[in-house]
Each structure stands twice: as C-alpha cells, then as structure tokens.
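Descriptive analysis of the structure
As a plain string of letters, each chain reads:
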Amino acid sequence: MEFRRVVITGLGAVTPVGNNAQDSWNAVKEGKSGISKITLFDAENYPVKIAGEVKDFNLDAYNIDKKLLRKMARQTKFLMGSCIEAVTDAGYNQETLTETKCGIVTGVGIGTNHVADEAFQKMYDPKFGPTRIPPLTAPMLISNESAANVAIYYQIHGPAWTLSTACASGTDAISLSTDLIRSGKLDICLASGTDANITPLNISSYSILQALCSSYNDNPEKASRPFDKDRAGFVMSEGSACLFLEEYEHAKARGAHIYAELAGTGTTCDAYHITAPCDDGKWAAKALSDAMEAAGVKPEEIQYYNAHGTSTHANDSSETTMLKSVFGEYAKKLHISSTKSETGHMIGAAGVIEALFCVKALEDNFVPPTINCDNPDVEGGCDLDYTPNKGISVPLTAVASCSLGFGGHNGAVVIKKL
C-alpha cells in the first residue's frame, strides 16, 4: 500500500516563552527561560513555588462568541489560540476550512484539574455546598471539550478526537493525525496538544512523587536543567501548540507554503512501570527506529534530535542510553537539545511544541540550546552533545523528536525538508 505524503503548512503556539509560534521560537533560540514564581494560586506553603506559566494571553483579538468563550476551560483557550494561529498561517479561515476533509486530534496529558479545584472548593465550603458549584463544571471538566470547542468554532465535521498518553500525548496526536491523512480519510488535520497544569492539586501531587524541582524556588530560571548533574526534577508548565498537517498534493495544488514534511512517526509502550522508564530505553528506541524507517532515513541522516529531556535523573540517563542504541557511534556526532530547559514541561502540549521547534530549526538551520546544562552528568551516563547554553547554526535536512510519558508511552516523529 502506498501512503500519501504529509506536510506541515501552518504553525501555532501559546507557551511560557511566547504567545505565538515565532515569539516562542525566538525565545528558545536565544535561550530565554519562561520559568517564574507561581502566580495562578498562592504557593507560599507548597514545596514547589515555580512553574512555566503562560503570560498575558487572551482571545480578545479573535471573533469568538462570548457564550462559547465562557464555556472554555483555561487549556481550551490555549488550544483555541494555537489552532487559530496555525489555521491562519496555513491560509485558511472559518469559511474555507469547513469545506475540506478536515479533523482535529488533540493531546491532553493531565486535563482540567483547575476546573475540579474550583468546584471542590465550592462544594466543600459550608458557605456554598454541592448545589453552588459553578454551573459549567461538567462540560468544562471533560478533557475532550478542548477539541470540541475548536471543532465548533471552525465547524470541523470530521474526527474531533482527544488522545491522552501522559507526556507523549502531543506526539501521539501528531502520529494519529498523520495516519488519518495518509490513509485518505482526511486531507487536513490539526495535530495539537494542550494542558493547563499549574494548579494546587497538580503541584502537590507531583511534588509528593518527588518529580518536580523544588531546589530552585529562589532562582526559577535555573530550575529546568536537562542532562546537568545538578538536575533535580522537571518544572510543571502549561500551554498549547498546533501543527497544521496537510496531504502533500492537496497543499501543492493550492500553492500553500510548506514548512517541512512530517515524514515518519513511531509509537510504542514500555509495558514496564507506571511512572519509571525502562533503564535501557528499548521501547523508546523502537518508536524512534520505526519513525526513521517510515521516513526512509538512516540514523546518520538525522542531524538534530529534540530530546524529551525532562531534567529528571531517570529520564535523562535512560534517554541518552536510548539514543546510543539507535544511533550507535554516530550518537556522539548528533546535535541534541532539550527545549524544556526554556519552556518547562508542557505535558500534553510538549510533543507538539517540540515538533514545532524542530520545524523552525529546519527552517533556520539552527540548533537551539539546552540552557542550564552547565556540567553534563557524564558520570550518570549523560555524555553526548546537548548543545549546552548556546545554540549553533548548522545545516539541517532531517530532525527527530521523542516524547516519553508516564505509563511507558513512547512517541517519535521525524521531520524532513522537502
């Protein structure tokens, strides 16, 4: 069976380092951190007081019905912003998009805990009680309402799916979107991810797991430090990103600007542990190898790898082991960086924003830095080239990225210049 080719014709992003794709990329190129003190709630008595918050974002500039806007959770507003930017960038609008074979697949890693937090506060407050919770709690609480609201806005009548595989959700959303276009079911798909994770419950629960960094509360910009020997956990973050994916001949026929080709994807599960990755990275390696095989590229044809790079001891060492198993000796020549050092971990949106950064890296022939990687943890096995603290210009023709989530979910993408 001959598969149809898939290309990227639009980009959109709402992140802690920028409220659109270009601003986010510029900040990452320059090594600017989006990590700061938490302002969304009073974190004074919490062990973790820092996060990657989206700043000064609103949808006032868009033609969105006020009634629809009131029904949107925070993560949905982020998704709406990134999707509108991507659709506009691709040259479509509300009138023209509905005329195509179009769908949306959205990765959501954690979901709408901020809605639950507000409802529970009212429910258990003697002044209010169970009959006084916000009336839109139910529709705003369900994870699929983000994709559904975008579908309503654009009148997308194809699949409007929500996929949840923890930190791999966004990458798996890209994979599923690609398959829908390759199979001929769609000509266009909004491959997207979103999460709004900075809530009392999320910060508390991930702190209890000792997954979050708590040792840089007084120096937030230094907290996310992938592959560094002083890394002490990931930084919770929020936001959204969207890739406008399109069948190649469809894009060419309408004269679309094509950023790059979504050449291959891979998806596996460790089936090993609910929170820890396999030490040898075997199944993450399989996902990446499958993506490269689908893309028709050899390991030495990949010049840049955007790492999952969470800044946790377990991930960074096992991911390095995985790269060595996939690339062999060439791993020492591979350019690697983790843009989570700037953005923090956007969970459901992480895979999509990192794929977007791969697209921009190809466009600019530029490898962004891993900031705060002052002393790579060589003794802990982190002994590759992580592009520490300063990005570099280098010719790029093919790049890759992996996302590795709780539950052992592994997703990989390979993106190529046409």
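Everything that follows concerns the structure shown earlier in this document.
Structural notes on the sheet that holds strand β7 (residues 239–247)
The strands that make up a sheet are held in pairs by hydrogen bonds between backbone atoms, and each pair lies either parallel or antiparallel. In space, the 10 strands of this open sheet follow the order β5-β4-β6-β7-β1-β8-β14-β13-β9-β10, with mixed pairing throughout. Bordering the open sheet on either side are β5 (160–163) and β10 (335–337), each of which pairs with just one other strand. Strand-to-strand, the axes of this sheet are offset by a mean angle of 25 degrees, without reference to chain direction. Sheet topology note: the strand β4 (residues 102–108)/strand β6 (residues 188–195) ladder contains seven bridges and is parallel. Note that in β6 the partner of Gly107 across the bridge is Gly193. Against the sheet, helix α7 (residues 145–154) contacts β4, β5 and β6, and its axis sits at roughly 160 degrees relative to β5. Relative to the sheet, helix α11 (residues 282–295) contacts β8 (260–269), β9 (304–306), β13 (398–405) and β14 (409–416), its axis offset from that of β8 by approximately 150 degrees.

A look at the pairing of β6
Among the eight residues of β6, eight are classified as buried, and the element is accordingly described as predominantly covered. Side chains Ile188, Leu190, Ser192 and Thr194 project from β6 onto one buried face, and the interleaved Cys189, Ala191, Gly193 and Asp195 project onto a second face that is buried too. Where β6 meets β7, eight bridges bridge the pair, whose relative direction is antiparallel. By the bridge assignment, Ala191 is partnered in β7 with Leu243.

A short note on the packing of α11 against helix α12 (residues 313–327)
Where α11 meets α12, the closest approach of the two axes is 9 Å, and the angle between their N-to-C directions is 45 degrees. What the angle tells us is that α11 and α12 run oblique. Note on packing geometry: the crossing formed by α11 with α12 is right-handed. Only Met322, Leu323, Ser325, Val326 and Phe327 of α12 make contact with α11, whose side of the interface consists of Ala284, Ala285, Leu288, Ser289 and Met292. Taken together, the residues of the contact of α11 with α12 break down into eight nonpolar, two polar and no charged.

Topic: the side chain of Arg182
By the secondary structure assignment, Arg182 is in helix α8 (residues 169–182). Despite its burial, Arg182 remains without a salt bridge, the nearest opposite charge being carried by Asp179 at 4.8 Å. Here Ala263 takes part through its backbone oxygen, which lies 2.6 Å from a polar atom of the side chain of Arg182.

Reading the values: rules and limits
- Residues numbered from 1 in each chain as written.
- Predicted model: local features only at pLDDT ≥ 70, side-chain atom pairs only at ≥ 80, totals over all residues.
- Heavy atoms only, no water.
- Pairing = 2+ DSSP bridges.
- Helix = DSSP H or I, 4+ residues; strand = E, 2+ residues; numbered from the N terminus.
- Axes fitted to C-alpha atoms, helices over the stretch in contact; angles between N-to-C directions.
- Contact = heavy atoms within 4.5 Å.
- Buried < 20%, exposed > 50% of the residue type's maximum accessible area, 1.4 Å probe, protein only.
- Parallel < 35°, antiparallel > 145°, perpendicular 65-115°, else oblique.
- Left-handed = near helix turned anticlockwise from the far one by under 90°.
- Nonpolar A, V, L, I, M, F, W, Y, C, P; charged D, E, K, R; others polar.
- Lys, Arg positive; Asp, Glu negative; His and termini not counted.
- Salt bridge = Lys/Arg side-chain N within 4 Å of Asp/Glu carboxyl O.
- Polar contact = N/O pair within 3.5 Å; in protein donor to acceptor, adjacent residues only side chain to side chain.

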